[in-house]
Amino acid sequence: MKKTILFGLILVLVSCKQKTEQEVIIEDPAPVEEKTISPLEAGEVFFKNKDPFGATIQLTGKQLIADTVIFKVSSTEMIVKENCLIVRNGGEQPFMRFSLPDMKFLGFSGRSGQGPDEFSDPHLVSTTDPSFLCYVFEGANQKLYRFEKDGRLDPYTFSFSSSRQKWYSDKALTNTGPDDFMYAETSATGKSIFRSTKEGDSIRTREVFNLGLNPKRKSWASYIGDFVVNAKQNRMAYAYKYFKMIKFMDLEAKTVRTINFEREEFDESTLYKVDGMDQNVTHYWGGCAGDEYVYFLYSGRTPVEVSRENSKKQYYIFVEQYDWNGNPIHKYRLDRWGYFTVDEKNKQIYLASTNDDDPFFVFQMTD
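Calculation notes
- Residues numbered from 1 in each chain as written.
- Predicted model: local features only at pLDDT ≥ 70, side-chain atom pairs only at ≥ 80, totals over all residues.
- Heavy atoms only, no water.
- Helix = DSSP H or I, 4+ residues; strand = E, 2+ residues; numbered from the N terminus.
- Buried < 20%, exposed > 50% of the residue type's maximum accessible area, 1.4 Å probe, protein only.
- Contact = heavy atoms within 4.5 Å.
- Areas by Shrake-Rupley, 256 points an atom, 1.4 Å probe, with all protein chains shown as cover.
- Phe/Tyr/Trp six-rings, centres within 6.5 Å; stacked < 30°, edge-to-face > 60°.
- Lys NZ or Arg CZ within 6 Å of the ring centre and 35° of its normal.
- Pairing = 2+ DSSP bridges.
- Axes fitted to C-alpha atoms, helices over the stretch in contact; angles between N-to-C directions.
- Arc of directions from axis to C-beta.
- Polar contact = N/O pair within 3.5 Å; in protein donor to acceptor, adjacent residues only side chain to side chain.
- Salt bridge = Lys/Arg side-chain N within 4 Å of Asp/Glu carboxyl O.

*Asks:* Quick question: what am I supposed to make of the overall build of the protein here?
*Replies:* A count of helices and strands for the protein gives 2 helices and 26 strands. For the protein, the residues scored as buried account for 50% of the 367 residues in total. Considering only intrachain contacts with a sequence separation of at least 6, the fraction spanning at least 24 residues in the protein is 48%. Within the structure as shown, the protein displays about 18700 Å² of accessible surface, and the carbon and sulfur contribution to it stands at 50%.

Printed below as a string of structure tokens:
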């Protein structure tokens, strides 16, 4: 009898251990008092030849060694959800999960390809829903998936319209609530913000804001950028890749505040040249929405200049921090180059370096 009980306990312990290794355990966060922010002031703020951040804060990254996984950083996206780092990367299995802060590898998910429920152009979409990790949006066929805590990718029924071809979308998708999504996408004016909401058995899609800067310039490539949303604070922001400019808005775009550094380096003629876009200065090329602040990755150089510096091991990139009313807070200089996300709760920046075999670095921000 004792042997039988002991054997049963061993089976239970083994089963629990296997579940822990496969599944991300996300505890519901303790309720916190919601902070309200001051009203957004409309208008355009110019910072030509000015540094509104004060002294740039230099940060040195701590390299994190992820066990049992080796991969090459390529078009990487990352999201921190409680104690889990979700990574989208190029490769045969495009999704990975790591526990934080120990960076224990929890497993691959998904498969690249053109077949059913395979991925060729997937993107991570963060959500505040605590029951799963995030959404995954497949741009090639505009399908949506739920990324579950155990690594499964479950199809999620939500049909998007598109201003481009039905078989492809360049949506920069964000989740603002149950069956409620906002996104920046190519439009007749170049680029616009749209909102798609499920109402009963139908989905209503409407244009919220035109992101075009010049009526004579309607190329979608001119207005590539990073779109972020904080639904709790009724805020969204768009940072342009080829213009040093960020627009802060409420979710209906009734009030718009533009942060303009007055640097218009973009050359329209490069659209018609092979690799011509890379002749333009890359300003913003990554965004992360926090509860209190918003963070944008900033280069300020052409891809050729970055490649030249990286060949000399002169690695660096900047993170600009703003509050949700567009007020500059801090500018950080990271000693690595790559893709980023922010764990605002722990005041940490995670970066996947394109120049290191063990690519993960963490940077501690100031208060």
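Once you've had a look at it, read on.
*Asks:* Explain the packing of aromatic side chains here, please?
*Replies:* Two measures describe an aromatic ring pair: the distance that separates the ring centres and the angle between the ring planes. Scanning the model with the defined rule gives 29 aromatic pairs in all. When the centroid spacing of 5.0 Å and the interplanar angle of 75° are considered together, the rings of Phe 132 and Tyr 135 count as edge-to-face. Tyr 135 carries the same exposure label as Phe 132, and that label is buried. Consider the rings of Tyr 135 and Tyr 156, whose centres lie 5.5 Å apart with planes at 65°: the pair is edge-to-face. A residue pair is termed long-range when its members are at least 10 positions apart, and Tyr 135 in strand E9 (residues 134-138) and Tyr 156 in strand E11 (residues 153-156) qualify at 21 residues. Owing to a relative accessible area of 24%, Tyr 156 belongs among the partly exposed residues under this scheme. Among the aromatic residues, those joined into a ring-pair cluster are Phe 132, Tyr 135, Phe 137, Tyr 156, Phe 158, Phe 160, Phe 181, Tyr 183 and Phe 194. The side chain of Arg 333 reaches across the aromatic face of Tyr 316, ending 4.2 Å from its centre.

*Asks:* Looking at this structure, how should I read the sheet that holds strand E1 (residues 43-46)?
*Replies:* The pairing of strands in a sheet comes from backbone hydrogen bonds and takes either a parallel or an antiparallel form. The 5 strands lie next to each other as E1-E19-E18-E17-E16, forming an open sheet whose pairing is mixed. The outermost strands of the open sheet, each flanked by one partner alone, are E1 and strand E16 (225-230). The sheet shows a mean angle of 15° between the axes of neighbouring strands, direction not considered. Here 5 bridges tie strand E18 (residues 245-249) to strand E19 (residues 256-260), and the two strands are oriented antiparallel to one another.

*Asks:* Got a minute to help me understand the sheet that holds strand E6 (residues 95-99) in this structure?
*Replies:* Strand order in this open sheet of 4 strands is E4-E5-E6-E7, and the pairing throughout is antiparallel. Across the chains shown, the open sheet's two edge strands, defined by having one partner strand only, are strand E4 (77-81) and strand E7 (104-109). Taken pair by pair, the neighbouring strands of this sheet meet at an average axis angle of 20°, ignoring direction. As paired strands, E4 and strand E5 (residues 84-88) are joined by 5 bridges and run antiparallel to one another. Residue pairing in the sheet places Met 78 in a bridge with Val 87 of E5.

*Asks:* Looking at this structure, I do not really get helix H2 (residues 303-311). What am I missing?
*Replies:* In an α-helix, one full turn covers 3.6 residues, which means residues spaced three or four apart are oriented alike. Among the residues of H2, those classed as buried are Val 306, Glu 309 and Asn 310. Along the axis of H2, the buried residues cluster in a sector spanning 100°; they form a single face. Residues of H2 that are buried make contact with strand E21 (293-301). Immediately beyond the C-terminal end of H2, within one or two residues, lies Lys 313, with a positive phi of roughly 60°.

*Asks:* Explain the side chain of Thr 282 to me, please; I cannot follow it from the model alone.
*Replies:* Relative to the helices and strands, Thr 282 resides in strand E20 (residues 282-289). Residues within four places of Thr 282 in sequence aside, it is in contact with Lys 241, Ser 299, Gly 300, Arg 301, Thr 302 and Pro 303.

*Asks:* Please clarify how the side chain of Glu 185 should be interpreted in this entry.
*Replies:* Of note, Glu 185 is situated in strand E13 (residues 180-187). In this structure the side chain of Glu 185 is engaged in a polar contact, spanning 3.1 Å, whose partner is the side chain of Lys 171.

*Asks:* Got a minute to help me understand the pairing of E6 in this structure?
*Replies:* Along any regular strand the residues' side chains alternate between the sheet's two faces. Burial analysis of E6 places 5 of its 5 residues in the buried class, which makes it a mostly covered element. Of the two faces of E6, the one holding Phe 95, Arg 97 and Ser 99 and the one holding Met 96 and Phe 98 are both buried throughout. Note: E5 against E6, 5 bridges, orientation antiparallel. Along E6, the bridge assignment pairs Cys 84 with Ser 99. Where E5 hands over to E6, the hairpin turn is made up of 6 residues, of which Gly 91 adopts a positive phi near 130°. Pairing analysis gives 5 bridges linking E6 to E7, with the strands arranged antiparallel. Bridge assignment links Met 96 to a residue of E7, and that residue is Phe 108. What sits between the antiparallel neighbours E6 and E7 is a turn of 4 residues, in which Met 103 has the positive phi angle 60°.

*Asks:* Just to check I follow, could you spell out the pattern of salt bridges for this structure?
*Replies:* Opposite charge on two side chains lets them pair, provided their charged atoms get close. Per the stated rule, a full pass over the model turns up 14 salt bridges. For Arg 152, the salt bridge is made with Asp 154, and the minimal N-O distance between the two is 2.6 Å. For Arg 152, a relative accessible area of 42% puts it in the partly exposed group. The class for Asp 154 is partly exposed, based on a relative accessible area of 24%. Between Arg 204 and Glu 199 there is a salt bridge, with its nearest N and O atoms 4.0 Å apart. Glu 199 gets classed as partly exposed once you look at its relative accessible area, which sits at 41%.

*Asks:* Is there a simple way to explain the environment of Asn 230 in this structure?
*Replies:* Looking at the element boundaries, Asn 230 is found in strand E16. Assessed through its relative accessible area of 6%, Asn 230 is described here as buried. The spatial distance from the C-alpha of Asn 230 to the C-alpha of Tyr 293 is 9.2 Å, given a sequence separation of 63 residues. Not counting residues within four places of it along the chain, the set of residues in contact with Asn 230 comprises Arg 235, Gly 290, Asp 291 and Trp 324. From its side chain, Asn 230 meets the backbone oxygen of Gly 290 in a polar contact 3.2 Å long.

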